[in-house]
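Architecture at a glance
For reference, the chains in residue letters:
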Amino acid sequence: MNVGLSLNTPRPIPIFSRVFPFKLKYLGFASQFSTRAFRPGPTRSRPEFSRLTGGGVEREESRPSKSLIEDEAELSDWVSDLRTNSIRGQVTSEDEPDSDMGRRSRSRSGRARETDSGGNKGGDAGGFSMKRRRESNSNEFSEPTRRRTESRFGSPTTNRGTVGLPKERRGRRERDLGVKRDGKGLRGKRGFIDDDVVDNGEDERKGLMQNLGGLITEEESDSDDDGGNDNGFFEKKALSSISLENDFEVKDRPSLSANSDSFMSETRFDQCSISPLSLKGINHAGYEKMTVVQAATLPIILKDVTVLDVEMLSFVLVVTAIPSGDCKDVLAKAKTGTGKTVAFLLPSIEVVVKSPLDRDQKRPPILVLVVCPTRELATQAATEAKALLKYHPAIGVQVVIGGVRIALEQKSMNANLCQILVATPGRLKDHIENTAGFATRLMGVKVLVLDEADRLLDMGFRKDIEKIIAAIPKQRQTLMFSATVPEEVRQICHSALKRDHEFINTVQEGAEDTHSKVRQMHLVAPLDKQFPFLYAILKDHMADDPDYKVIVFCTTARVTGLVARLLGELNLNIREIHSRKAQTYRTRVSDEFRKSKGLILVTSDVSARGVDYPDVTLVIQVGLPASREQYIHRLGRTGRKGKEGEGVLLLAPWEEFFLSTVKDLPITKAPVPSIDPDTKKKMERALSQVDMNSKESAYQAWLGYYNSQKKVGNDKHRLVELANEFSRSMGLDTPPAIPKLVLGKMGLRNIPGLRSK
Ligand SMILES: Nc1ncnc2c1ncn2[C@@H]1O[C@H](COP(=O)(O)OP(=O)(O)OP(=O)(O)O)[C@@H](O)[C@H]1O
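First things first, this report covers the structure right here in the doc. (Residues numbered from 1 in each chain as written. Predicted model: local features only at pLDDT ≥ 70, side-chain atom pairs only at ≥ 80, totals over all residues. Heavy atoms only, no water.)

The helix and strand inventory of the protein chain stands at 26 helices and 22 strands. Within the protein chain, contacts between residues at least 6 apart in sequence are counted, and of these 81% link residues at least 24 apart. About 27,400 Å² of surface is accessible on the protein chain, with carbon and sulfur atoms providing 50% of the total. (Helix = DSSP H or I, 4+ residues; strand = E, 2+ residues; numbered from the N terminus. Contact = heavy atoms within 4.5 Å. Areas by Shrake-Rupley, 256 points an atom, 1.4 Å probe, with all protein chains shown as cover.)

Next comes the structure, spelled out in structure tokens:
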């Protein structure tokens, strides 16, 4: 067959007609997602399983992103590290070998982002009880154990999350396949905002000082520089024409569950054009059917990487002859814990499968680049990729993340197969700048994946992402996934995606971004009550469920350290993870927590996104979450794979405003726990045993964090009053002194109530 001729002839239809039924299988499936042009604006309603092309985006002035000063918590940590006296007995433990010198040098060269989240409002009911009711957890992941708990919450919503899953609806058949699209794929300018620094687990703090200079608002430009996929227009048109003339087989048409509670589709992986060895890997991983997000995105992403199937050879040849620029970029939104990792890894692997392997190449190209915001997430994605690649011995995955010796990574990338590279942004940038031959290898990238895309596009990472995008070919496929895609991200995603990208939203219209089987509560309490309440909630939960597995999110790394010490003094079985811990320790604790039950993980936002700890029973967020998105991601550590879970947001009265940002979520008031005199005494004793250094560091970090939260930090006098309230809640009536330099950086010099040194 003369493929070239078919592509260039003005009459390609006969060829496509021959192969059409196969193709339609996928197009038909994909069309279950409504396709509309995206129009930003408040009146736009969320489509049901929507699939939107990015090409229709009208430009709006992009809103300034989050305050850069958000990271002052980190800044304060960082600056405190510069103090000569910071070496005095800092939170040192065998678990934290990177303290002091190591940490300080890391501070200068890296970004230790620590954003802590947590938050909620409180109620004022009577006695507190956290008894949970977990009835049949039946869902497609078939929970083996059935647990029953009961709830003593009086709210009428307490039954939420216990109802069985409604029946799945079969995928709908739509015939709007003939939509003719403009094939112009112009990519937006890469005008990114300045960095910010939050505790996302990266240990580079570059840019922090520059950030003090103020925020730079991103400017988006229409003057795109990438011709993109003009070449693909002709083929698309042809396919569209044919689709109108042909019917397709219904039996193989994948179907999706249209139920907001269900995230599994009826589609088996072997219904999609996936290579046999990948299918073997999928089976080995225990996956049979696709989750909804996988079923919604795979056919669209795979469109141009369709392989195999000898019977369809003519089709395959035609499709593979389409220039790679024709691949659809995808921005996908799906709830937490619903299988987004496989959704982007699998089609990426198929790209590698299709690419010729040249063993003689001195610097073999990296074909797939996966960028994740935290080290834990990058490691996890690489592990998942390795599992899927079990039967692809010629394809290798490598990980590059902060906290690991760069020379080791260089060696590993040179000595091993590395068609797929998973990385955190800061370390990737380091390799681009410092690793010989790395930039050349990156020029082979065909697929770029931005996991937790909204996080990667926010200010904390933009500079790095900008640099990364500049280092890879423009002619590539870009995939972005997240459980949250705020409007501002839609506005700026053109910096990475082609203009005609697909936005696939698997969250049903009218449905919440959180899982209905996760019961969400808030508790508002003054700071001096928060530690006792936290303890009471934990004790109650542990009593209720011997298989408890709890995550407590705190606002900053230092505050996380303080809470971990306090709970440790109270003899709870705790572990801690945050950016102040050495990577080896973080990895070890993360692995342990993944496998354990009867454990409490106290953490900063390094664990907020993506990390897949199975069977987490409760997520507690202490203090103001950095954003609505962060609240959702943190909560998403429980209730994964359709399971039940609980979330409690513990807020101070002056943090209650946060509830308005999540008012669309079903967060109910929790009853106020009663603290008996014994517990009170126990708490006082435990607080007195926590070392002074932890308290001082936590105070400073607390001040920095809330200083960066506009609604709290704008009134500096009030901020200091609150900080001193926090100090008293730790048992320090006299607030710790803060270095003048730090106060200056925070804009807090000469504010009454602060002590300087
Ligand atoms: N098709 C499937 N069938 C069964 N289990 C699956 C399937 N795909 C993924 N999983 C499992 O579902 C769990 C959640 O997947 P994953 O961590 O990718 O979720 P996610 O959507 O990325 O979550 P988050 O938004 O928190 O990052 C994992 O344990 C994964 O192994």
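Once the structure has been displayed, the description carries forward.
Let us look at the pairing of strand β16 (residues 574-577). The pairing of β16 with strand β17 (residues 599-603) spans four bridges and is parallel. Within the sheet, the bridge partner assigned to R575 lies in β17 and is L601. Crossover connection from β16 via helix α20 (residues 583-595) to parallel β17: handedness right-handed. (Pairing = 2+ DSSP bridges. Right-handed = clockwise from strand over helix to strand, strands pointing away.)

So, on to helix α13 (residues 425-434). An α-helix turns once per 3.6 residues; consequently, residues spaced three or four apart project the same way. α13 sits mainly inside the fold: eight of its ten residues count as buried. All of the buried residues along α13 are P425, G426, R427, L428, K429, D430, H431 and I432. (Buried < 20%, exposed > 50% of the residue type's maximum accessible area, 1.4 Å probe, protein only.)

Turning our eyes to something else, we now look at a positive patch on the surface. On the surface, a cluster of positive charge is made up of K539, K681, K682 and R685. Of all the elements, helix α22 (residues 677-689) adds the most residues to the positive patch, at three residues. Examined against the element boundaries, K681 turns out to sit in helix α22. (Patch = residues over 30% accessible without salt bridge, like charges linked within 9 Å, V, L, I, M, F, W, Y side chains within 5 Å. Salt bridge = Lys/Arg side-chain N within 4 Å of Asp/Glu carboxyl O. Lys, Arg positive; Asp, Glu negative; His and termini not counted. Charge placed at Lys NZ, Arg CZ, Asp CG, Glu CD.)

Our next topic: the packing of aromatic side chains. We describe a pair of aromatic rings using the distance from one ring centre to the other and the angle between the two ring planes. Tallied over the entire structure, the rule returns eight aromatic pairs. Plain terms: the ring middles of F593 and Y613 are 4.9 Å apart, the flat faces sit at 85° to each other, and that makes the pair edge-to-face. Highlighted residues: F593 in helix α20 and Y613 in the loop between β17 and β18 (618-622), separated in sequence by 20 residues. Relative accessible area serves as the criterion here: at 0%, F593 is assigned to the buried category. When the centroid spacing of 5.3 Å and the interplanar angle of 80° are considered together, the rings of W654 and Y706 count as edge-to-face. In this pair, W654 sits in the loop between β19 (645-651) and β20 (667-669) while Y706 sits in helix α23 (residues 692-707), placing the two residues 52 residues apart along the sequence. (Phe/Tyr/Trp six-rings, centres within 6.5 Å; stacked < 30°, edge-to-face > 60°.)

Once that is clear, we can look at the nonpolar core. Membership of the largest hydrophobic core comes to 73 residues, with the highest contact counts inside it found for L538, V552 and I600. Of the residues forming this core, the biggest block, eight residues, is contributed by helix α18 (residues 527-544). When neighbours within four sequence positions are excluded, L538 is seen to be in contact with V550, V552, L567, L572, I600 and I620. If you look at the next biggest cluster of nonpolar residues, it comprises 45 residues, including L279, I300, L302 and V370. (Core = buried A, V, L, I, M, F, W, Y, C linked by side-chain atoms within 4.5 Å.)

A word on the sheet that holds strand β15 (residues 549-553). The parallel open sheet is built from seven strands, whose spatial order is β16-β17-β15-β18-β19-β14-β20. One side of each edge strand has no neighbouring strand; the edge strands of this open sheet are β16 and β20. Between one strand axis and the next, the sheet turns by 20° as a mean value, whatever way the strands run. Its contacts with the sheet place α18 against β14 (518-524), β15, β17, β18 and β19, and it is angled at close to 180° to β18. Across the face of the sheet, α20 comes into contact with β15, β16 and β17 while running at roughly 135° to β16. (Axes fitted to C-alpha atoms, helices over the stretch in contact; angles between N-to-C directions.)

Where helix α10 (residues 340-354) contacts helix α11 (residues 375-388), the axes come no closer than 10 Å and their chain directions differ by 50°. Taken together, α10 and α11 sit at an angle that is classed as oblique. Crossing geometry of α10 relative to α11 is assigned as right-handed. Contacts between α10 and α11 pair T341, V342, L345, L346 and I349 from the former with A381, E384, A385 and L388 from the latter. Split by residue class, the contact of α10 with α11 holds seven nonpolar, one polar and one charged. (Parallel < 35°, antiparallel > 145°, perpendicular 65-115°, else oblique. Left-handed = near helix turned anticlockwise from the far one by under 90°. Nonpolar A, V, L, I, M, F, W, Y, C, P; charged D, E, K, R; others polar.)

A few words on the side chain of N724. Checked against the element boundaries, N724 lands in helix α25 (residues 716-729). A polar atom in the side chain of N724 sits 3.0 Å from the backbone oxygen of G753. With residues up to four places along the chain from it excluded, the contact list for N724 reads Y699, P735 and G753. (Polar contact = N/O pair within 3.5 Å; in protein donor to acceptor, adjacent residues only side chain to side chain.)

Glancing now at the environment of L743. Inspection of the secondary structure puts L743 in helix α26 (residues 740-746). Classification of L743 by relative accessible area gives buried; the value is 4%. It is 9.8 Å that separates the C-alpha atoms of L743 and L703, two residues lying 40 residues apart in sequence. Every residue in contact with L743, bar those within four places of it in the chain, is listed here: I738, L748, R749, L754, R755 and S756.

What follows deals with the pattern of salt bridges. Under the definition given, this model contains 25 salt bridges. Between R427 and E409 there is a salt bridge, and its shortest N-O distance comes to 3.0 Å. With R427 in helix α13 and E409 in helix α12 (residues 406-415), the pair connects residues that are 18 residues apart, well separated along the chain. Given a relative accessible area of 8%, R427 falls into the buried group. Its relative accessible area of 5% is what places E409 among the buried residues. A salt bridge links R628 to D513; the shortest N-O distance between them is 3.2 Å. Of this pair, R628 sits in helix α21 (residues 628-635) while D513 is found in the loop between β13 (502-505) and β14, placing the two residues 115 residues apart along the sequence. Across the pair, exposure class does not vary: R628 and D513 are buried alike. Taken together, the shared-partner salt bridges connect K333, D513, R628 and D664 into one network.

We now examine α22. Along its 13 residues, α22 runs 19 Å from first to last C-alpha, staying within 8% of the 18 Å computed at 1.5 Å per residue. Where α22 is buried, its residues contact α18, α19 (557-569), α23 and α25. (Expected span 1.5 Å × (residues − 1).)

Attention shifts here to the packing of α13 against helix α16 (residues 462-470). The interhelical angle for the contact between α13 and α16, taken along N-to-C directions, is 45°, at an axis separation of 9 Å. The angle between α13 and α16 places the two elements in the oblique class. When the axes of α13 and α16 are compared, the crossing they make is left-handed. Each of P425, G426, L428, K429, I432 and E433 in α13 lies in contact with α16, whose residues at this interface are D464, I465, K467 and I468. Each residue belonging to the contact of α13 with α16 can be placed in one class, and the counts come to five nonpolar, one polar and four charged.

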